Amino acid sequence: MGTYYLPRDTKGEGRILYIFSTKALIYTVVGIVIGALFKWLLGLFGKAIPSIMGIMNIIGIILIILFAVLGFVIGTCKVPAMEKFEITRKAAGIEIDTVIKEYIRFSLKKDKYYTYDTRDLIKEQLEKEELEKAKLEEEKRKENK
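Just so you know, these numbers come straight off a predicted model, no measurement behind them. (Residues numbered from 1 in each chain as written. Predicted model: local features only at pLDDT ≥ 70, side-chain atom pairs only at ≥ 80, totals over all residues. Heavy atoms only, no water.)

## Brief notes about the environment of Ile74
So, point 1. With respect to the helices and strands, the residue Ile74 is situated in helix α2 (residues 53-76).
So, point 2. A C-alpha to C-alpha distance of 9.8 Å links Ile74 and Val99, two positions 25 residues apart in sequence.
So, point 3. Residues contacting Ile74, with those up to four places away along its chain left out, are Tyr27, Ile96, Asp97 and Ile100. (Helix = DSSP H or I, 4+ residues; strand = E, 2+ residues; numbered from the N terminus. Contact = heavy atoms within 4.5 Å.)

Next comes the structure, spelled out in structure tokens:
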């Protein structure tokens, strides 16, 4: 008997180590830096009132861990598909950091207005068509002369 090659699905094997990606590491480090900043601010507050210095130190360490985990989740996870919420139905499968970036980019453009009234769009289209017809008629008159 001969040997035969049996195909197998190896697509998911490389995805096991996806959580250790460079992107996840960067977001985790950014989270740690933000947590360290809050710990430093709480430390300043603790130095002002020495009796709560230990409590502020513990809260600061908890914040560092919390922001590190939050940064890791933002860097690795995707928006889940939940049928209950409209936003998760529309953004399901998109990475969380992409959603956050697009939201910030959209909210920074405050000088733009979005209209969803189709009557305005139809009026603009009709005006453009009338201008084009008038230009064509003028060109025909010039050609006839």
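## Topic: a nonpolar patch on the surface
So, point 1. A cluster of nonpolar side chains, namely Ile26, Val30, Ile34, Leu37, Phe38, Trp40, Leu41 and Leu44, defines an oily patch on the protein surface of about 740 Å² accessible area.
So, point 2. Among the structural elements, Leu44 can be located in helix α1 (residues 22-48). (Patch = residues over 30% accessible without salt bridge, like charges linked within 9 Å, V, L, I, M, F, W, Y side chains within 5 Å. Areas by Shrake-Rupley, 256 points an atom, 1.4 Å probe, with all protein chains shown as cover. Salt bridge = Lys/Arg side-chain N within 4 Å of Asp/Glu carboxyl O.)

## Things to note about the side chain of Thr76
So, point 1. Note on placement: Thr76 falls in helix α2.
So, point 2. Owing to a relative accessible area of 10%, Thr76 belongs among the buried residues under this scheme.
So, point 3. Separated by 2.8 Å, the side chain of Thr76 and the backbone oxygen of Phe72 make a polar contact. (Buried < 20%, exposed > 50% of the residue type's maximum accessible area, 1.4 Å probe, protein only. Polar contact = N/O pair within 3.5 Å; in protein donor to acceptor, adjacent residues only side chain to side chain.)

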